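A closer look at the structure
One letter stands for each residue in the lines below.
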Amino acid sequence: MRETRVEAALVARVKALGGLCEKFVSPGRRSVPDRLVTLPGGRIIFVELKAPGKVPTDLQVRDHGRRRALGCDVRVIDNMDDVHAFPY
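Residues numbered from 1 in each chain as written. Predicted model: local features only at pLDDT ≥ 70, side-chain atom pairs only at ≥ 80, totals over all residues. Heavy atoms only, no water.

Strand order in the open sheet made by the four strands is S1-S2-S3-S4, with mixed pairing throughout. Both outer strands of the open sheet, strand S1 (20–23) and strand S4 (73–77), are each paired with one neighbouring strand and no more. Across this sheet, the average inter-strand angle for adjacent strands is 25 degrees, counted without regard to direction. Those strands touched by helix H2 (residues 58–69) are strand S3 (43–49) and S4, and its axis lies near 150 degrees from that of S4. (Pairing = 2+ DSSP bridges. Helix = DSSP H or I, 4+ residues; strand = E, 2+ residues; numbered from the N terminus. Axes fitted to C-alpha atoms, helices over the stretch in contact; angles between N-to-C directions. Contact = heavy atoms within 4.5 Å.)

Structural data, given as structure tokens:
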């Protein structure tokens with residue numbers, strides 16, 4: 001299964017929850033999470049998507065750690081079970 005399939009499923013899941021699942025890009029900065037999810041009630045989650053069994057790069061892990069240190073919720077999703085359970 002490809003990462004794009006996991007990503008499309010997440011977008012549909014978030015939409016069904018009444019939220020937004022926006023592509024997150026930061027010009028001039030690599031390794032930011034793939035999606036910025038905004039859920040009802042003001043809940044914001046950064047999501048890194050991977051193909052099943054794949055893991056974030058070292059730069060992505062470092063970026064996730066920086067965001068978590070600031071109090072952000074950062075998730076890595078690489079399978080449909082996690083998509084269906086989102087936002088767990």
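Following the structure, the description resumes.
Take the pairing of S3 next. For a regular strand, side chains alternate in direction, first toward one face of the sheet and then toward the other. S3 sits mainly inside the fold: five of its seven residues count as buried. Taking the residues that link successive antiparallel strands as the turn, the strand S2 (residues 35–39)-S3 hairpin has three residues, and the phi of Gly41 there is positive, at about 90 degrees. With five bridges joining them, S3 and S4 adopt parallel strand pairing. From the neighbouring strand, Val47 faces S4, where its bridge partner is Arg75. (Buried < 20%, exposed > 50% of the residue type's maximum accessible area, 1.4 Å probe, protein only.)

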